[in-house]
Amino acid sequence: MTSLANILDNHAEGKSSVLIPGGPTITYGELRDEVERTAETLATVVAPGQAVSIVLPNGLEFLVSFLAVARAGAIAAPLNSAYTLDEFKFFMEDADAQLAILPEGDHAGRDAAVQLGISTLNATLDAQGRVHLSRQGRYLTDRKDIAGPSPEDTALFLHTSGTTSRPKGVPLTHANLLASLRNIGDTYALTPDDVAMVVMPLFHVHGLIGVALSTLITGGSIVVPPRFSASRFWHEQSATGATWYSAVPTIHQILLMRADDDSAPQESFRFIRSCSAALAPSVFNDLESRFGAPVLEAYGMTEASHQMASNHLPPGSRQPGTVGTGTGVEISIMDDHGSLMETGRTGEVVIKGPNVTLGYHNNPTANEEAFTNGWFRTGDQGILNTEGVLTLTGRIKELINRGGEKISPLEVDAVLLQHPSVSEAVCFGVPDVKYGEAVQAAVVLSGDISEDAIRSFCGGHLADFKVPDRVYLVESLPRTATGKIQRRNVAAQFAL
């Protein structure tokens, strides 16, 4: 297997590949035919190496369009359907998109493409489960033979989440993605018997690489609702026999809060995976206790084609509060001067591996900052123990410096979440005249508790200088489209 064009090969023709709740079930043979036909159609309007913005919700249309773009040798550049006009224009222009695939009807993505002079196509699904591309009400029917991509060709173009700066373009090759998919499949022992529930958006590496493509490459089946629905989750799991799912902690917490009301089973999945944000040990323990499945926290980022480390299936080790060991990826810790540090020291997490991007798009300054002696600097702070287990202690630029004391907001988050009346918590730093930065936090409550009582609780578990000076009691926390909570956004909304 040399590219994404091959990931549907060598699987049983009649085996289910994609299950759409309330819609069609597509076999591997049918999906392969759909992708080949669509790729040959796309080849008449886009050339190999050109970027295609895919602005579609989760569903068969997205999967066929994505795989067809890859099969045609073009570059898939999926985008969040909820972006504003200006955001679409920035991301499309930065990727140098030559084509945009969208749903029918009015859409800010279409307006952005028109303003930029980018051609657009509609993607629709007929009653037989076939995906059609159309323009101005007419299906595209012309087809062109295609050679397919090489491993070194760029397959996927994404952007960083921009937590510390303007989003940077991240090109990932077919070889990058295949390395990551193999790592994920090996880590979780994925087989054709597995059925994965896709609850994360497919425009993001977590849902696309971490779940959908890693399942398809190993011959399993994916359940793809249009969006995550907590009220439908357990019904769909039971109806499809799903064996695993992966999500951000926010979604895990929602499922836990609703578990009894939704009659969630006491024994459910082969495993539950958590990634894209830190999972508090208390939530880890609650998940395992309530849903009767091992919880495996993983560590990923866009620049590494998603996964870099993970805890392991039983009888392997899984430790709450850690992200496990490297999964086909070298991991080390580096100091501020670019030297690797000995085990047990805290510093910047750095990685090497065939899944890592070769560099940011048209951004030599960012590349110079990101790569040191062949190691990619993640921007995360962490510590490795003697067994190679990685514990993350925060984003380097998110560490709170209170009068010279460096405080990890993750540590404070974990303590806040231990309180039985706190369902969500985010700690952050704010400017302070006396100390340079002060510690504050925002919490969503599940019971009746006062700010003073929460601060007193923290005082029993943290040194005085780590206890938040202010705790905001809020109804909800701002999130990105992928469910991430960015500390700077929380600070801006509640403190600044």
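Refer to the structure printed above.
Throughout, residues of each chain are indexed from 1 in the direction in which the sequence is written. In keeping with the predicted nature of the model, local features appear solely for residues at pLDDT of at least 70, side-chain atom pairs appear and are counted solely at 80 or more, and the whole-chain, interface and lining totals rest on all residues. The basis for every side-chain value is the complete set of heavy atoms in the structure, and neither hydrogens nor water enter the calculation.

Engineer: Which parts of the structure should I look at to understand the packing of aromatic side chains?
Structural biologist: For any two aromatic rings, the description comes down to two numbers: the centre-to-centre distance and the angle of the planes. Working definition: a ring pair exists when centres of Phe, Tyr or Trp rings (six-membered ring for Trp) sit within 6.5 Å. Plane angles under 30 degrees give stacked, over 60 give edge-to-face, the rest tilted. Counting across every chain of the model gives 18 aromatic pairs. Summarising the aromatic geometry, the rings of F62 and F66 are spaced 6.3 Å apart at their centres and angled 5 degrees between planes, so their arrangement reads as stacked. With F62 and F66 both in helix 2 (residues 60–71), this residue pair falls four residues apart, about one helical turn. For the pair formed by F62 and F66, the shared burial category is buried. Summarising the aromatic geometry, the rings of F90 and F91 are spaced 5.2 Å apart at their centres and angled 70 degrees between planes, so their arrangement reads as edge-to-face. Relative accessibility decides the category of a residue: with a 1.4 Å probe and only protein chains considered, values under 20% of the type maximum give buried, values over 50% give exposed, and everything between is partly exposed. Judged by its relative accessible area of 21%, F90 is partly exposed. For F91, a relative accessible area of 9% puts it in the buried group. Sitting over the face of the ring of Y360, K168 holds its NZ or CZ atom 5.2 Å from the ring centroid. Here a strand is any run of E in DSSP of at least two residues, a helix any run of H or I of at least four, and the numbering for each starts at the N terminus. Each ring is checked for a lysine NZ or an arginine CZ that lies within 6 Å of its centre and within 35 degrees of its normal; such an atom marks a charge sitting over the ring.

Engineer: Quick question: what am I supposed to make of unusual backbone geometry here?
Structural biologist: What you tend to see is this: most non-glycine residues have negative phi, and most peptide bonds are trans. Here the bond from P314 into P315 is cis, since omega is 5 degrees, no more than 30 degrees from zero. The residue S276 is not glycine, and still its phi comes out positive at about 80 degrees. By secondary structure assignment, the location of S276 is in the loop between strand 14 (271–274) and helix 9 (281–291). The phi dihedral of S305 falls on the positive side, at around 55 degrees, and the residue is not glycine.

Engineer: When you look at the sheet that holds strand 26 (residues 436–445) in this model, what are you seeing that I'm missing?
Structural biologist: In sheet architecture, strand pairing relies on hydrogen bonds along the backbone and comes in two forms, parallel and antiparallel. Strands sit in the order 25-26-27 across an open sheet of three strands; the sheet is mixed. Whereas interior strands pair on both sides, the edge strands pair on one side only; in this sheet they are strand 25 (422–432) and strand 27 (470–474). The mean inter-strand angle of the sheet, taken between neighbouring strand axes irrespective of direction, is 25 degrees. Direction of pairing for strand 26 relative to strand 27: parallel, over a ladder of five bridges. Within the sheet, the bridge partner assigned to A441 lies in strand 27 and is V471. Contacts: residue pairs with any heavy atoms within 4.5 Å of one another. Geometry is summarised by axes, namely lines fitted to C-alpha atoms with helices restricted to the contacting stretch, and by angles between N-to-C directions that run from 0 to 180 degrees. Along the sheet, helix 13 (residues 487–494) makes contact with strand 25, strand 26 and strand 27, crossing strand 25 at roughly 80 degrees. DSSP-based pairing: two strands are paired if at least 2 bridges between them are found.

Engineer: What exactly am I supposed to notice about the sheet that holds strand 15 (residues 295–301) here?
Structural biologist: Strand order in the open sheet formed by nine strands is 2-1-12-11-13-14-15-16-17, with mixed pairing between adjacent strands. The open sheet is flanked by strand 2 (25–27) and strand 17 (325–326), the only strands paired with a single partner. With two bridges connecting them, strand 11 (residues 195–197) and strand 13 (residues 244–247) associate as parallel partners. Residue A196 lies in a different strand from strand 13, and its bridge partner there is W244. Sheet strands touched by helix 1 (residues 28–42): strand 1 (16–19) and strand 2. Its angle to strand 2, the strand with the most contacts, is close to 85 degrees.

Engineer: Explanation requested: the nonpolar core in the structure shown.
Structural biologist: Within soluble globular proteins, side chains that are nonpolar generally end up buried alongside one another. Definition of nonpolar core: a set of buried residues of the types Ala, Val, Leu, Ile, Met, Phe, Trp, Tyr and Cys, connected through side-chain atoms within 4.5 Å. Among the nonpolar cores identified, the biggest contains 84 residues, and L4, F66 and L213 are the most heavily contacted of them. Per-element tally for this core: the top contributor is helix 2, with nine residues. Excluding residues within four positions of it along the chain, L213 makes contact with L4, I7, F66, L67, L181 and L208. Core analysis: the next-biggest nonpolar cluster, separate from the first, contains 45 residues, M200, F233, I251 and C458 among them.

Engineer: Honestly, the packing of helix 7 (residues 230–240) against helix 8 (residues 249–258) in this entry has me stumped. Any pointers?
Structural biologist: Packed helices, taken two at a time, are described by their axes: the angle between them and the distance between them. In the contact formed by helix 7 and helix 8, the axes pass within 10 Å of each other and the chain directions differ by 85 degrees. The angle between helix 7 and helix 8 falls in the class roughly perpendicular. On helix 8, the residues touching A230, S231, F233 and W234 of helix 7 are I254, L255 and R258. Classifying every residue of the contact of helix 7 with helix 8 by side-chain character gives five nonpolar, one polar and one charged. An angle below 35 degrees is read as roughly parallel, one above 145 as roughly antiparallel, one from 65 to 115 as roughly perpendicular, and any other as oblique. Gly counts as polar in this scheme, as do all residues outside two lists: the nonpolar Ala, Val, Leu, Ile, Met, Phe, Trp, Tyr, Cys and Pro, and the charged Asp, Glu, Lys and Arg.

Distances and angles like these do not, on their own, reveal function.
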